[in-house]
Amino acid sequence: MAAAAASSSSLSSIISLQKNVPTTSFPSSSPTTLTKPFQMTNLVKFSFLLTSNKVSQAVKCSTTTKYNEVVVDEEMDRIRRLQNGSDVRGVALEGEKGRTVDLTPPAVEAIAESFGEWVKNSLEKDRGGPVENVRVSLGKDPRVSGPSLSVAVFAGLSRAGCLVFDMGLATTPACFMSTLLSPFAYDASIMMTASHLPYTRNGLKFFTKRGGLTSPEVEEICDIAARKYANRLAKVSTVLTTPPRRVDFMSAYAKQLREIIKERVNHPLHYDTPLQGFQIIVNAGNGSGGFFTWDVIDKLGADTFGSLFLNPDGMFPNHIPNPEDKTAMALTRAAVLENKADLGIVFDTDVDRSGVVDKSGNPINGDKLIALMSAIVLREHPGTTIVTDARTSMALTKFITDRGGNHCLYRVGYRNVIDKGVHLNEDGIETHLMMETSGHGALKENYFLDDGAYMVVKIIIEMVRMKLAGSEEGIGSLIKALEEPLESLELRMNIISEPRHAKAKGFEAVEAFRHYIEDGRLHGWELDACGDCWVSEGCLVDSNDFPAAIDAHMYRAKVSDEKHGQYGWIHLRQSIHNPNIAVNVQSTLPGGCLSITRLLIDKFLVASGLDKVLDISQIEKYAQSSS
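If you check an unreviewed UniProt entry, the chain appears there as phosphoglucomutase (alpha-D-glucose-1,6-bisphosphate-dependent) from Acer negundo. Under the UniProt heading Subunit (unreviewed entry), the note attached to the chain is "Monomer." According to UniProt, the comment filed for the chain under the heading Sequence similarities (unreviewed entry) is "Belongs to the phosphohexose mutase family."

Structure (structure tokens):
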């Protein structure tokens with residue numbers, strides 16, 4: 001990583017060292033009234049204009065799910081296309097070349113209303129009768145489209161008959177925890193965020209007390225919302241007779257994280273300030289993660305001088321808030337080295353992902369982060385199964401199994417990985433850690449929630465314990481034995497199709513890949529179920545009695561030859577975000593990725609005629625440039 005290799009002196013001039021003074025964006029954790037009226041008039045009125053003239057019939061919509069069945073395919077597809085796996089995402093602001101705004105206030109209002117109705121219906125089924133006063137919270141990251149779309153969420157939930165609680169600037173994990181922690185314990189929650197995507201994007205993540213919604217559940221909600229959207233009057237006007245109420249949940253969430261660190265470190269000299277003597281750099285990337293500095297580790301005694309970009313700014317002026325971003329990691333590395341810090345932390349925008357930098361300046365993300373968390377978890381739970389997505393290396397499997405763990409490879413997608421862990425535990429297979437290479441990490445002990453702050457809490461606790469035990473090596477020493485793949489690459493093939501047909505064509509292409517391998521038409525290639533995983537059912541292709549719903553098709557093949565045995569693998573994945581197919585390749589041999597890629601082009605893509613369905617120019621360019 002060229003950026004990460006830059007010296008601290010060369011980067012110090014562009015690092016903004018921010019003293020960690022709390023901003024007004026996050027409420028103080030000092031005792032206050034937890035619930036107070038939101039500052040607005042008793043009746044809040046607003047209107048949304050539908051600019052499209054394609055709705056051929058205007059039908060007045062009631063606040064229930066009973067509406068006239070008017071099929072306006074194009075308008076309904078606008079909403080359905082906003083589904084992004086288990087989330088909703090879209091373009092909320094002008095500014096992206098070739099992309100029009102599709103996450104409009106009317107669309108968000110229809111989706112929020114449908115979610116509110118879905119929650120009420122679910123509670124009625126669980127309780128066997130009508131429910132009243134269904135309580136739903138809303139949090140958001142600092143994106144500039146947040147305020148206007150928040151009003152749309154309030155309107156939709158109000159139309160569904162829900163009581164709404166406004167958490168203001170929050171994190172995705174905090175939204176889920178707001179359904180559990182007393183005295184809040186809401187029935188459901190929505191987080192408004194588009195993670196690390198550009199400032200023009202926004203989206204919605206949905207939670208109940210059981211956790212995040214699945215892709216089929218979000219698909220159901222979007223289908224209902226599509227009908228509402230297509231059948232609604234061109235001008236939607238809503239009156240909120242019960243305005244949302246402002247609540248300070250982030251203080252309660254931060255306090256819980258502090259208590260976890262204090263209890264588990266159990267420092268023999270200073271119990272309440274277990275981080276005394278440690279310097280920790282936090283890079284919040286101008287997202288929602290600044291609270292972790294001033295409301296968690298500062299209060300536990302850590303020195304956080306040198307932390308970066310703590311103040312929320314929805315334009316993200318410094319770098320993409322993403323632990324996979326090279327600039328984010330390079331700047332954090334430079335700050336750690338310049339300040340001789342013990343640890344650096346990088347959060348994504350909504351803090352459901354994180355990465356770290358050790359005291360020597362080594363970035364720890366991707367496979368390295370999974371290895372670090374595996375080492376920690378396997379100390380606490382020997383022999384446990386660890387679920388990851390199928391893009392992890394063969395070396396990671398060896399790292400886990402060498403420490404007595406079991407490695408289950410599963411489909412790409414953080415919701416897929418987490419749900420697999422839940423199902424394994426239900427089947428009696430102890431599974432304590434589920435992680436995707438993007439940084440989403442969930443633990444059984446934390447409600448199977450992908451919480452970047454909680455993951456960092458685990459790392460901090462281990463760091464302090466090592467110091468108390470007399471070690472000066474730091475957390476990086478836990479993964480010294482992890483080998484890195486010699487070669488690794490990711491390429492994309494755009495699907496040549498209208499958006500509405502792209503998913504079907506992508507499915508056909510990925511299934512063709514499977515058939516080619518099963519028929520032996522790619523010599524030395526074999527479908528990879530779970531690598532060295534001992535779990536016999538489920539895996540990449542669910543073959544058990546109750547297979548999980550597939551949100552995007554994907555297969556991994558291990559690649560071997562007579563001289564070297566298995567020397568790499570290739571993974572084809574239908575994207576759920578965009579109309580393309582991702583190709584990931586890893587090799588333990590010099591030139592192995594190039595060899596695998598050329599075989600993919602010549603023996604599969606061209607031979608099957610898929611070069612007419614897929615834009616393979618990026619792959620061809622790689623193959624030619626590497627000649």
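That covers the picture; the talk isn't over yet.
Enquirer: Give a description of the environment of Arg 245 that names residues and reports values.
Expert: Within the element layout of this structure, Arg 245 appears in strand β11 (residues 245–247). The spatial distance from the C-alpha of Arg 245 to the C-alpha of Val 164 is 6.5 Å, given a sequence separation of 81 residues.

Enquirer: Lay out the side chain of Ser 575 with the relevant residues and their values.
Expert: In this structure, Ser 575 sits in the loop between β24 (565–574) and β25 (580–587). Assessed through its relative accessible area of 9%, Ser 575 is described here as buried. The residues contacting Ser 575, other than those within four sequence positions of it, are Arg 492 and Asn 580.

Enquirer: I'd love a proper account of the sheet that holds strand β20 (residues 449–450), names of residues and values included.
Expert: Overall, mixed pairing links the five strands, which are arranged β17-β16-β18-β19-β20 in an open sheet. In this open sheet, the two strands that pair with only one neighbour each are β17 (406–410) and β20. With five bridges connecting them, strand β16 (residues 385–389) and β17 associate as parallel partners. Residue pairing for β17: Val 387 is matched across the bridge by Cys 408.

Enquirer: Can you explain the pairing of strand β21 (residues 487–495)? Please cite residues and give values.
Expert: Across eight bridges, β21 lies against β25 in antiparallel orientation. Within the sheet, the bridge partner assigned to Leu 489 lies in β25 and is Val 585. Bridge count for β21 against strand β26 (residues 614–615) is two bridges, and the pairing is antiparallel. Paired with Ile 495 across the two strands is Leu 614, which belongs to β26.

The rules we used
- Residues numbered from 1 in each chain as written.
- Predicted model: local features only at pLDDT ≥ 70, side-chain atom pairs only at ≥ 80, totals over all residues.
- Heavy atoms only, no water.
- UniProt positions renumbered as here; feature names shortened; annotations may be inferred.
- Helix = DSSP H or I, 4+ residues; strand = E, 2+ residues; numbered from the N terminus.
- Buried < 20%, exposed > 50% of the residue type's maximum accessible area, 1.4 Å probe, protein only.
- Contact = heavy atoms within 4.5 Å.
- Pairing = 2+ DSSP bridges.

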